[in-house]
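Chain and residue survey
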Amino acid sequence: MDYENILVERPAEGVGLVRLNRPRAFNALTGPLMDELMSALESMDTDDAIGCMVVTGNEKAFAAGADISEMAQATPVDMIDMAFIARWERLRSIHKPVIAAVSGYALGGGCELALACDMIVASETAQFGQPEINLGVIPGAGGTQRLTRTIGKALAMEMALNDRRLTADEAARFGLVNHVAPVAEYLDVAVKLAAEIAARAPLAVRLAKDAVNMALETTLSAGLAYERNHFYALFATEDQKEGMAAFLEKRKPAWQGK
Ligand code: HXC
């Protein structure tokens, strides 16, 4: 498929890479860009050759937020009519893991996009922030909710109310980021992590992602029951038989995704 705002690559076996590609606007997230990103991820999600995806920008900017020129004159009805944020929800339906590889600015919707991914690998120059308050609005694609759940109320308040930015090291310390690497290496680190996950038992990866995400949605009792059901369900797979047999036979498992 031809895309205008993103580049799609296969940098390693099992890995699908999407690069946001509006460098002159610091990858500001227009509606068409978000539609292309979601379409690319959805098509990778159904591609058996791909087990994990990476979303990245460039060294200077992951994304500087939703495109301000698209919404500057909008009314609430315009925002609803153009499904401004509804398209972001498509990311929640992706079954395979998605890793954000973030360098430079991850601001506003850019920070929210990274937060909506399953893991974040950051370069040393990454900067996470919710500057919407400077525009007279608030985060609209999960910033107040996901930040609060991840880094806690005190810091989330400061980010949303007073444009407090987090460096990569702070983000790692507060549990927002999985790994921090030099600018020259952060994308390789993300792709290597994605390739490792892609080489694992696909159904178990899928259910592990789903169960971890459920922890943010529900009570402990309901979450434990949900996890247990997924655990039992995996005993219906060939990969469970293979994985346990391989351990006992002291050999590497050969996963089938069945
Ligand atoms: C539209 C943007 C943009 C954005 C940058 N640009 N961010 N255009 N929407 N979010 C454009 C600028 O207009 C400019 O275009 C070009 O990119 C270069 O930006 P400069 O400001 O000239 O560069 P610099 O001085 O280096 O500053 C970089 C920056 C700054 C720190 C990233 O641009 C900035 O603060 N951007 C806005 C960040 C922001 O407020 N994000 C939140 C958006 S609201 P021209 O044509 O002049 O060269 C949001 C709500 C999400 O995200 C809601 C859920 C979907």
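Overview of the structure.

Below, the discussion takes up the site of the ligand. Close to the ligand lie 22 residues, the nearest being Phe26, Ala64, Ala66, Ile68 and Gly109. Within the backbone of alanine 64, a nitrogen or oxygen atom sits 2.9 Å from a nitrogen atom of the ligand. At a separation of 2.8 Å, an oxygen atom of the ligand approaches a polar backbone atom of glycine 109. Contact with the protein chains removes 61% of the 1000 Å² of surface that the ligand exposes when unbound.

A word on helix α8 (residues 186-198). With 13 residues, α8 ought to run about 18 Å at 1.5 Å a step, and its terminal C-alpha atoms sit 18 Å apart, in line with that. Where α8 is concerned, the buried positions are Tyr186, Leu187, Ala190, Val191, Leu193, Ala194 and Ile197. The buried residues of α8 occupy an angular sector of 160° when the element is viewed end-on, so they sit on one face. Away from its buried face, by an angle of more than 90 degrees, α8 presents the exposed residues Asp188 and Lys192.

Right, let's talk about a negative patch on the surface for a bit. A contiguous patch of negative charge on the surface is contributed by Glu124, Asp169, Glu185 and Asp188. Counting through the fold element by element, glutamate 185 comes out in the loop between β10 (179-181) and α8.

Attention now moves to unusual backbone geometry. One non-glycine residue with positive phi stands out, namely phenylalanine 26, at about 50°. We classify phenylalanine 26 as partly exposed; its relative accessible area is 36%. Within the chain, aspartate 163 stands out as a residue other than glycine whose phi angle is a positive 50°.

Take the packing of aromatic side chains next. For the structure on display, the rule yields three aromatic pairs. With a centroid separation of 5.5 Å and 75° between ring planes, the pair formed by phenylalanine 26 and tyrosine 105 is classed as edge-to-face. Placement of phenylalanine 26 in the loop between β2 (15-20) and α1 (31-45) and of tyrosine 105 in strand β6 (residues 105-107) is noted, with a sequence separation of 79 residues between them. Between the aromatic rings of phenylalanine 231 and phenylalanine 235, the centroid separation amounts to 5.2 Å while the plane-to-plane angle is 70°, which identifies the pairing as edge-to-face. If you follow arginine 173 out to its NZ or CZ, it ends over the ring of phenylalanine 174, 5.5 Å from the centre.

Right, let's talk about the sheet that holds β2 for a bit. Ordered by their spatial adjacency, six strands build an open sheet running β1-β2-β3-β5-β7-β10, and the pairing between neighbours is mixed. Only two strands of the sheet have a single partner each, and these edge strands are β1 (6-12) and β10. Geometrically, the sheet is characterised by an average inter-axis angle of 25° between neighbouring strands, direction not taken into account. Summarising the sheet, β1 and β2 pair through five bridges and their orientation is antiparallel. Note that in β2 the partner of leucine 7 across the bridge is arginine 19.

Another point: helix α4 (residues 109-116). The buried fraction of α4 amounts to seven of the eight residues, a majority that puts the element mostly inside the structure. Among the residues of α4, those classed as buried are Gly109, Gly110, Cys111, Glu112, Leu113, Ala114 and Leu115.

Across all of its chains, the model carries one cavity of 30 Å³ or more by this definition. Lining the largest cavity are Leu29, Thr30, Gly31, Met34, Ala66, Glu70, Phe84, Arg87 and Trp88. Taken together, the residues of the lining of the largest cavity sort by class into five nonpolar, two polar and two charged.

Bringing the sheet that holds strand β4 (residues 61-63) into the picture now. Strands sit in the order β4-β6-β8-β9 across an open sheet of four strands; the sheet is mixed. The sheet is open, and its two borders are formed by β4 and β9 (166-167), each paired with just one other strand. Where strand β8 (residues 127-129) lies against β9, two bridges are found, and the strand directions are antiparallel. Looking at the pairing, glutamine 127 lines up with threonine 167 of β9. In the packing of α4 onto the sheet, the strands contacted are β4, β6 and β8, and the crossing angle to β6 comes to about 90°.

Criteria and thresholds
Residues numbered from 1 in each chain as written. Predicted model: local features only at pLDDT ≥ 70, side-chain atom pairs only at ≥ 80, totals over all residues. Heavy atoms only, no water. Near = heavy atom within 4 Å. Polar contact = N/O pair within 3.5 Å; in protein donor to acceptor, adjacent residues only side chain to side chain. Areas by Shrake-Rupley, 256 points an atom, 1.4 Å probe, with all protein chains shown as cover. Helix = DSSP H or I, 4+ residues; strand = E, 2+ residues; numbered from the N terminus. Expected span 1.5 Å × (residues − 1). Buried < 20%, exposed > 50% of the residue type's maximum accessible area, 1.4 Å probe, protein only. Arc of directions from axis to C-beta. Patch = residues over 30% accessible without salt bridge, like charges linked within 9 Å, V, L, I, M, F, W, Y side chains within 5 Å. Salt bridge = Lys/Arg side-chain N within 4 Å of Asp/Glu carboxyl O. Lys, Arg positive; Asp, Glu negative; His and termini not counted. Charge placed at Lys NZ, Arg CZ, Asp CG, Glu CD. Phe/Tyr/Trp six-rings, centres within 6.5 Å; stacked < 30°, edge-to-face > 60°. Lys NZ or Arg CZ within 6 Å of the ring centre and 35° of its normal. Pairing = 2+ DSSP bridges. Axes fitted to C-alpha atoms, helices over the stretch in contact; angles between N-to-C directions. 1 Å grid on protein atoms, 1.4 Å probe; cavity = no way out; pocket = protein on both sides within 12 Å on 5 of 7 lines; lining within 4 Å. Points joined across faces, edges and corners; volume = space filled by probe spheres on them. Nonpolar A, V, L, I, M, F, W, Y, C, P; charged D, E, K, R; others polar. Contact = heavy atoms within 4.5 Å.

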